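Geometric and topological summary
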Amino acid sequence: MSQVKPKVFLPGGLASLCTEYKKLRDIVNSQIEVVSDEDLVSNPGIGTEITAALFYVHDPLKLQVFNRKEEGLLPALHLVCNNGVGVDHMPFSRMKQLGLRLTNTPGVLSDATADMAMALMLATGRQLGTGLEWAMTKTLQEKNQLFISLHLGQEISFSTLGIVGMGSIGMKVAQRAKAFNMTILYHNRNQRADEAAVGAKYYSDLLEMLPLCDFVIISCPLTAETKSLFTSQHFDIMKPTCHLINVARGAVVHTESLVDALKSKKIAAAGLDVTDPEPLPHDHPLLQLENVLVTPHWATATVQTRGKMLQLSIDNIKAFVEGKPLLSEVHI
């Protein structure tokens, strides 16, 4: 006898899950029954069977999770599974009022995010954006001129890397940087007991660490303490050859200060998988600069990692339905 699959509210429906990929589609269809906002509105009675919801930050209908709960259409809803590790976008006060618990997906996305951080460091350091533009758009004469007036990049191997936020992602970055023979420094709330495994040196004072770095990778969570952690004060003391990489949250960096630092060459370049605002308007100053490489917040955008994130969310739902402890609860 087959087990009844739990009904799970996902406002945008299966389209929110990149289910054009068979692996993701199979993870969903084999374990849960997705109920979209359209399904709920057309059949309100089904709301009494839904105890959990999947929350995707890029789902345009995501706030319907809370709206429908307030409207009484989801009376049995008590769990919201955020399909990501960052929860700074979640309305904690509203969730408390509605009696909702929260989970996220830590750990399973650390490797993919660290890979993206390294990719951005390599791309900005070796000026891959500029090189691609030249290769695709320049004439043969202009390409030949490259060998005379070549834009020289910054070598990654044997450079000094500063990691801001030495949690799971930061540690994965350090493991990769060690293979490049980089000198690894890090700033974190606390010193890690296992720092020797990657040969990292701890700095409790960010301002003391930054002037030493050729590259800085930001991988800390966005909190009240880390909002606008990087301002003009920090860019003023960094090397003019330093490259800033952000795979955390855009608001960790004060955007106007970053634009000024890049325009005035206080730092050499930036590689940003996250921005503030996000996404950036097409006419935003950051997108007009040659020394900036921006990707659309897709550090976790691999079939493998999205599958792991989705499975962890579903495992949390199963645990909740069965009355077991949640695997990755965020206490709000």
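Residues numbered from 1 in each chain as written. Predicted model: local features only at pLDDT ≥ 70, side-chain atom pairs only at ≥ 80, totals over all residues. Heavy atoms only, no water.

Some remarks on the sheet that holds strand 6 (residues 160-164)
Here is the rule: Between any two strands, pairing holds if DSSP finds at least two bridges. Helical segments are the DSSP runs of H or I of at least four residues, strand segments are the runs of E of at least two, and each set is numbered from the N terminus. Throughout, an axis means a line fitted to C-alpha atoms (over the contacting stretch in the case of helices), and angles, computed between N-to-C directions, take values from 0 to 180 degrees. Contacts between residues were defined by any pair of non-hydrogen atoms, one from each residue, lying within 4.5 Å.
Read from one edge to the other, the open sheet built from seven strands follows the order 8-7-6-9-10-11-12, with strand pairing classed as parallel. Of all the strands in the sheet, just strand 8 (200-202) and strand 12 (292-294) have a single pairing partner and so form its edges. Neighbour to neighbour, the strand axes of the sheet diverge by 15° on average, direction disregarded. Note: strand 10 (residues 243-246) against strand 11 (residues 269-272), four bridges, orientation parallel. Counted as the bridge partner of Leu244 is Ala270 from strand 11. Packed onto the sheet, helix 5 (residues 110-125) meets strand 6, strand 9 (215-218), strand 10, strand 11 and strand 12 and runs at close to 150° relative to strand 10.

Comments concerning the environment of Glu71
Applied cut-off: Side-chain atoms alone can form a polar contact between residues adjacent in sequence; in general such a contact is a pair of N or O atoms within 3.5 Å, and within protein one must be able to donate a hydrogen while the other accepts it.
Mapped onto the elements, Glu71 comes out in the loop between helix 3 (64-70) and strand 4 (79-82). Looking at Glu71, its side chain comes within polar contact range of the side chain of Arg68, at 2.8 Å.

Details of the environment of Ala174
Relative to the elements of secondary structure, Ala174 occurs in helix 8 (residues 168-179). As for Ala174 and Ala197, which are separated by 23 residues in sequence, their C-alpha atoms are 9.5 Å apart. Ignoring any residue separated from it by four or fewer positions in sequence, one finds Ala174 in contact with Ile163, Met166, Ile184 and Val198.

Re the sheet that holds strand 13 (residues 329-330)
Sheets are built from strands paired through backbone hydrogen bonds, the pairs being either parallel or antiparallel. On the basis of which strands lie adjacent, the open sheet formed by six strands has the order 2-1-3-4-5-13 and mixed pairing. The open sheet has two edge strands, strand 2 (33-35) and strand 13, and neither has a second partner. When strand 5 (residues 101-103) meets strand 13, the two strands line up antiparallel, connected through two bridges. Across the sheet, residue Thr103 finds its bridge partner in strand 13, namely Glu329.

Considering the pattern of salt bridges
Stated precisely, the cut-off is as follows: Salt bridges are identified by distance alone: a Lys or Arg side-chain nitrogen within 4 Å of an Asp or Glu carboxyl oxygen. When accessible area is computed with a 1.4 Å probe and restricted to protein chains, residues below 20% of their type maximum are described as buried, those above 50% as exposed, and intermediate ones as partly exposed.
Scanning the model with the defined rule gives 16 salt bridges in all. In this structure, Asp111 and Arg176 form a salt bridge, with 2.9 Å as the shortest nitrogen-oxygen distance. Here Arg176 lies in helix 8 and Asp111 lies in helix 5, a separation of 65 residues in the sequence. Note that Asp260 is salt-bridged to Lys266, the shortest N-O span being 3.2 Å. Taking the relative accessible area as the measure of exposure, Lys266 reaches 26% and is therefore partly exposed.

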